[in-house]
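# Breakdown of the fold
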Amino acid sequence: MKLLAKTAAITGGTSGIGLAIAKEFLAEGAKVAVFGKSQKSSDTAKKELDNNNALIMVGDVTKLHDLDKIYETFCSQYGNLDILVVNAGIFKPSPLLLTDEKSFQEIMDTNLKGAFFSVQRALPFLNNNGSIILIASTSTKQGCVDFSVYNASKAALISLTQSFAAELLQRHIRVNSISPGFIRTPLQDKVGITEEMIIQVESSIPMKRCGKPNEIAKAAVFLASNDSSYMTGADLLIDGGLINISPPF
Ligand code: NAI
């Protein structure tokens, strides 16, 4: 087991990629805590995760008070943190002409401010030699219509990864990011992406399929464990060849 006796917190770990990471970490022997924004998502996680081994909470990454409460609860149950996965995020369109300030703020608050403070508030509870993983996106590598704010929020996470890695070198805390391509999760349903659209998307991916949450979770185990001991400030692209292979394929 690669994470035996390690403790891990996963923001947005109640659904999709975060939930798959929680399952994989548990299978590798870690003590795991997850939280999501809504009671509903926490209830889903309770059905999927063994309650005896996982701490499942409700909390909003945009609220610093919630983050403090979550980390305090975590530490009172499990002791200090070894691994933090900054995964909570929302995916919403933001057409240039139509996006208002409120909508801009909501995406940036969740994806960027939430990520920054998820790390900052965890620091007093993080063990030296720990590992922080930020979930970015392949959307940082190419422009596309209607998602400029989401894409910018995720591009900022690549930059945070590099700067945090520099700031935490002294404590031997490694900081890396993962950039997933198209991964089938409830995220697509939330923005009304249909099965037909998914088939179209799949035809544009060199491997001709979307990724599975578990394929991101395996990479998170690698970054969380000693197997990646010489990696910090790096971004791991997991996208079925989407960014690096051009047609024909
Ligand atoms: P999802 O919608 O299934 O899960 C999102 C999770 O974030 C949920 O647990 C939700 O409760 C939580 N969350 C949202 N706002 C929150 C807040 N304010 N406070 C606390 N928790 C909050 O989405 P999925 O697909 O699992 O996405 C996870 C991460 O991966 C996101 O950051 C997303 O941007 C990123 N990503 C996803 C891709 C995909 O194709 N599914 C591709 C690239 C990146």
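Predicted, not measured: the structure shown is a model, and the values here were computed from it.

Here we take up helix H2 (residues 39-48). Along H2, the residues classified as buried are Ser 41, Ser 42 and Ala 45. For H2, the buried positions fall inside an angular range of 100° around the axis, keeping them on one side. Among the exposed residues of H2, those oriented more than 90 degrees off its buried face are Lys 40 and Lys 47. In this fold, the buried residues of H2 make contact with helix H1 (16-27), strand S2 (31-36) and strand S3 (54-58).

Before going further, it helps to spend a moment on the side chain of Ser 131. Tracing the backbone through its elements, the reader meets Ser 131 in strand S5 (residues 126-135). Its relative accessible area of 2% is what places Ser 131 among the buried residues. Beyond its immediate sequence surroundings of up to four residues, Ser 131 is in contact with Asp 82, Ile 83, Leu 84, Ile 173, Arg 174, Leu 223 and Ala 224.

Taken together, 30 residues lie near the ligand, and Thr 14, Ser 15, Tyr 150, Thr 185 and Lys 190 sit nearest. Tyr 150 is positioned such that a nitrogen or oxygen atom in its side chain is 2.7 Å from an oxygen atom of the ligand. Against a free-state accessible area of 830 Å², the protein chains account for coverage of 95% of the ligand. Considering every element that reaches the shell around the ligand, the biggest residue donor is helix H6 (residues 186-190), with four residues. Class assignment of the residues belonging to the shell around the ligand gives a composition of 12 nonpolar, 14 polar and four charged.

Within the structure shown, the criterion is met by nine salt bridges. Linking Asp 227 and Lys 2 is a salt bridge whose minimum nitrogen-to-oxygen distance equals 2.5 Å. Residue Asp 227 is found in the loop between helix H8 (213-224) and strand S7 (235-238), and its partner Lys 2 is found in the segment before strand S1 (7-11); the two are separated by 225 residues along the sequence. Where Glu 48 meets Lys 23, a salt bridge forms, and the shortest distance between an N and an O atom there is 2.5 Å. Residue Glu 48 is found in helix H2, and its partner Lys 23 is found in helix H1; the two are separated by 25 residues along the sequence. Residue Lys 23 is classed as partly exposed on the basis of its relative accessible area of 37%.

A separate point is the nonpolar core. If you look at the biggest cluster of nonpolar residues, it comprises 32 residues, and the most contacted ones within it are Tyr 71, Leu 84 and Ile 132. Within the residue set of this core, elements represented by two or more residues are S2, S3, helix H3 (64-78), strand S4 (81-86), helix H4 (101-122), S5 and helix H5 (148-167). Here the element with the most residues in this core is H3; it accounts for six residues. With residues up to four places along the chain from it excluded, the contact list for Leu 84 reads Ala 9, Thr 11, Tyr 71, Ser 118, Val 119, Ala 122, Ser 131, Ile 132 and Ile 133. Leu 19, Ile 135, Val 221 and Leu 223 belong to the second-largest nonpolar core, a separate cluster that totals 30 residues.

With that settled, consider the sheet that holds S1. Taken in spatial order, the seven strands of this open sheet run S3-S2-S1-S4-S5-S6-S7, and their pairing is parallel. Two strands close off the open sheet at either side, each with one partner strand: S3 and S7. Put simply, the sheet's adjacent strands are angled 15° from each other on average, direction ignored. Here S1 pairs with S2 via five bridges, running parallel. Residue pairing across strands places Ala 9 opposite Ala 33, the latter belonging to S2. In the packing of H3 onto the sheet, contacts are made with S1, S2, S3 and S4, and the angle to S3 comes to roughly 160°. Of the strands in this sheet, S1, S4 and S5 are in contact with H4, which crosses S4 at around 170°.

Scoring rules and cut-offs
Residues numbered from 1 in each chain as written. Predicted model: local features only at pLDDT ≥ 70, side-chain atom pairs only at ≥ 80, totals over all residues. Heavy atoms only, no water. Buried < 20%, exposed > 50% of the residue type's maximum accessible area, 1.4 Å probe, protein only. Helix = DSSP H or I, 4+ residues; strand = E, 2+ residues; numbered from the N terminus. Arc of directions from axis to C-beta. Contact = heavy atoms within 4.5 Å. Near = heavy atom within 4 Å. Polar contact = N/O pair within 3.5 Å; in protein donor to acceptor, adjacent residues only side chain to side chain. Areas by Shrake-Rupley, 256 points an atom, 1.4 Å probe, with all protein chains shown as cover. Nonpolar A, V, L, I, M, F, W, Y, C, P; charged D, E, K, R; others polar. Salt bridge = Lys/Arg side-chain N within 4 Å of Asp/Glu carboxyl O. Core = buried A, V, L, I, M, F, W, Y, C linked by side-chain atoms within 4.5 Å. Pairing = 2+ DSSP bridges. Axes fitted to C-alpha atoms, helices over the stretch in contact; angles between N-to-C directions.

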